[in-house]
Amino acid sequence: MIKVFQIGCGKMSKYTMRYVYEHDAEIVGAVDINPNVIGKDISEIMEIEKPKDVMIRSLKELDIYLKESLPDIAIITTMSLLKDIRDVARICLSNGVNVITTCEEAFFASNSNPTLWKELDVVAKANKCTITGSGYQDIFWGNLISVLSGTTHKIAKIKGSSSYNVEDYGIALAEAHGAGYSLEKFDKEIAAVDRMSEEERKAIIESGDYAPSYMWNTVGWLADKLGLHITKTSQVCVPQTCEEDLESSTLGMTIKAGDATGMSAVVTAETEEGIILEAECIGKVYAPDEVDTNEWTVIGEPETTITVKQPATVELTCADIVNRIPDVINAESGFIPTSQLPEPTYRIKPLDEYLK
């Protein structure tokens, strides 16, 4: 039976932990920084009646807890930027524990934080384990698009747009999208990055201080999967607003009408092969009538559009994470993007039966 360690016991872990058990693997430990959940049995987070006899401990005890529980893999469902999960990932990898994370930048970190990507790659290889980023984008911004491309004779452009409610993912993601910011603060702290020159952007990327939108990493992933070579990438972030006040339980505040409810980020990549990759993600606090959307068009011969109506983004993310566990354990050592792993598949048998 595969032993899994859960890092971050918020909204996502409710599903990742349940899905682990329902695939005949087990949770052997869990940690968090929230004093309101530390000390609880994980069954309370999973919202099931029968205790699992696994108590959530402080993140400060992670190294000790890993050495006690000896997991095969850790699931990190906390922050969106690689620098924010760096220390936790290093502790796991240093203990020879594989890592799969919902950290969006980790989906293809080499094009936004190559310095830290290399650092974690070295640690993983030294300890013969693997780290990767996965989730919703692995399917709906990645493999689904590459498969669609495989039915196309000639491609001129791939264009995609996806929206999601930041309320579903926790405060770190909501703040990363500028939710609750005044338009002045949004312009200064988020949009201003788009006005830098290409040379300035390259410098900040090399320094490890760049904060990419999720589609920045997605176009890198798509290029890698499709064998394209990017020559230039640009990004434009635009605040989203609402004509009425919106309550945000995640942020614990009322977002005033006219303030930013989140953002739209459009990333455009040019390639040596002449194919343009243009991807937009819209993350915001939803008004009552808004739902998740996902639509991609492969423009060429022929032109094809695929639309996913109201995807259950959270549950799909967590299902992909758990289904990917055998792929990560089987993979070569290092920081390996899912573009270089087998295509995701439905797991009928217990997860351990898929191990090599």
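Residues numbered from 1 in each chain as written. Predicted model: local features only at pLDDT ≥ 70, side-chain atom pairs only at ≥ 80, totals over all residues. Heavy atoms only, no water.

A.B. asks: How would you explain the overall build of the chain if you had to name every residue and give the values?
C.D. replies: The number of helices and strands found in the chain is twelve helices and 15 strands. Expected size for 356 residues packed as a compact globule is a radius of gyration near 21 Å; at 20 Å, the chain falls within 12% of this value. Here the C-alpha coordinates of the chain stretch approximately 50 × 45 × 40 Å along the principal axes. The proportion of buried residues among the 356 residues of the chain is 53%. For the chain, the share of sequence-separated contacts (at least 6 apart) that also reach a separation of at least 24 residues comes to 73%. (Helix = DSSP H or I, 4+ residues; strand = E, 2+ residues; numbered from the N terminus. Rg over C-alpha atoms; globule rule 2.2 N^0.38 Å. Buried < 20%, exposed > 50% of the residue type's maximum accessible area, 1.4 Å probe, protein only. Contact = heavy atoms within 4.5 Å.)

A.B. asks: Quick one: what's the story with the state of the cysteines, residue by residue and with numbers?
C.D. replies: In the structure shown here, the tally under the stated rule is zero disulfides. Summary of cysteine pairing: cysteine 103 is not part of a disulfide, and the nearest cysteine sulfur, belonging to cysteine 92, is at 13 Å. A relative accessible area of 0% means that cysteine 103 is categorised as buried. Here cysteine 129 stays free of any disulfide, with the sulfur of cysteine 92 as its closest cysteine sulfur at 8.9 Å. (Disulfide = S-S within 2.5 Å.)

A.B. asks: Give a description of the side chain of threonine 297 that names residues and reports values.
C.D. replies: Among the secondary structure elements, threonine 297 is positioned in strand S13 (residues 293–301). Leave out the neighbours within four places in its chain, and threonine 297 touches Lys157, Ile158, Lys159, Glu303, Thr304 and Thr305.

A.B. asks: Outline the sheet that holds strand S15 (residues 334–335), supporting the account with residue identities and numerical values.
C.D. replies: Two modes of strand pairing occur in sheets, parallel and antiparallel, and in both the strands are linked by backbone hydrogen bonds. One open sheet holds the seven strands; their spatial order is S3-S2-S1-S4-S5-S6-S15, and the pairing between them is parallel. Each of the sheet's edge strands pairs with one partner strand only, and the pair in question is strand S3 (56–58) and S15. Sheet topology places strand S2 (residues 26–32) next to S3; three bridges connect them, and they run parallel. Residue pairing across strands places alanine 30 opposite isoleucine 56, the latter belonging to S3. (Pairing = 2+ DSSP bridges.)

A.B. asks: Help me get a handle on the pattern of salt bridges, residues and values and all.
C.D. replies: Two side chains that carry opposite charge are able to pair once their charged atoms sit near each other. One pass over the structure, following the stated rule, counts 18 salt bridges. Across the pair glutamate 68 and arginine 57 runs a salt bridge whose closest N-O atoms are separated by 3.0 Å. Taken as a pair, glutamate 68 in helix H3 (residues 62–69) and arginine 57 in strand S3 lie far apart in primary sequence, eleven residues in all. Between glutamate 278 and lysine 157 there is a salt bridge; the shortest N-O distance is 3.0 Å. Here lysine 157 lies in strand S7 (residues 154–165) and glutamate 278 lies in strand S12 (residues 276–284), a separation of 121 residues in the sequence. Residue classification places lysine 157 among the partly exposed positions, given a relative accessible area of 23%. Connected via shared salt-bridge partners are Arg86, Asp87, Arg90 and Glu119. (Salt bridge = Lys/Arg side-chain N within 4 Å of Asp/Glu carboxyl O.)

A.B. asks: Give me the lowdown on the pairing of strand S1 (residues 3–7), citing residues and values where you can.
C.D. replies: Of all five residues that make up S1, four are buried, and the element is covered over most of its length. Sheet topology places S1 next to S2; five bridges connect them, and they run parallel. The partner of valine 4 across the bridge, within S2, is isoleucine 27. Between the parallel elements S1 and S2, the chain passes through helix H1 (residues 13–22) in a crossover that is right-handed. (Right-handed = clockwise from strand over helix to strand, strands pointing away.)

A.B. asks: If you had to explain the packing of aromatic side chains to someone new, which residues and values would you point to?
C.D. replies: Counted under the stated rule, the structure contains nine aromatic pairs. Ring geometry for tyrosine 136 versus phenylalanine 140: centroids 4.7 Å apart, planes at 15 degrees, classification stacked. Of the two residues, tyrosine 136 and phenylalanine 140 are both situated in helix H6 (residues 136–149); the distance of four residues between them amounts to about one turn of the helix. Summarising the burial analysis for this pair, tyrosine 136 and phenylalanine 140 share the class buried. Taken together, the aromatic side chains of Tyr136, Phe140, Trp141, Tyr164, Tyr169 and Tyr214 make up a single cluster linked through ring pairs. In this structure, lysine 52 packs its charged tip against the face of tyrosine 21, placed 3.9 Å from the ring centre. (Phe/Tyr/Trp six-rings, centres within 6.5 Å; stacked < 30°, edge-to-face > 60°. Lys NZ or Arg CZ within 6 Å of the ring centre and 35° of its normal.)

A.B. asks: Would you mind going over the nonpolar core in detail, with residue names and values included?
C.D. replies: In a soluble, globular protein the nonpolar side chains are often hidden away together inside. In terms of nonpolar packing, the biggest core is built from 101 residues, with Ile7, Ile42, Trp141, Leu277 and Ile325 touching the most fellow members. Considering each element in turn, this core owes the most residues, seven residues, to helix H10 (residues 214–226). Residues within four places of leucine 277 in sequence aside, it is in contact with Ile158, Val219, Leu222, Ala223, Leu228, Val267, Thr268 and Ala269. (Core = buried A, V, L, I, M, F, W, Y, C linked by side-chain atoms within 4.5 Å.)

A.B. asks: Outline the sheet that holds strand S11 (residues 262–271), listing residues and values.
C.D. replies: If you trace the six strands from one edge of the open sheet to the other, you get S8-S11-S12-S7-S13-S14, paired in mixed fashion. Both edges of this open sheet fall to strand S8 (230–240) and strand S14 (304–309), since each of them pairs with a single strand only. Sheet twist, expressed as the mean angle between neighbouring strand axes with direction ignored, is 10 degrees. Inspection of the sheet shows S13 paired to S14 by six bridges, in the antiparallel sense. The residue bridging asparagine 294 from the neighbouring strand is valine 308, located in S14. Docked against the sheet, H6 engages S7, S12, S13 and S14, running at close to 20 degrees with respect to S13. (Axes fitted to C-alpha atoms, helices over the stretch in contact; angles between N-to-C directions.)

Everything listed here is a matter of coordinates, which is why it stays silent on function.
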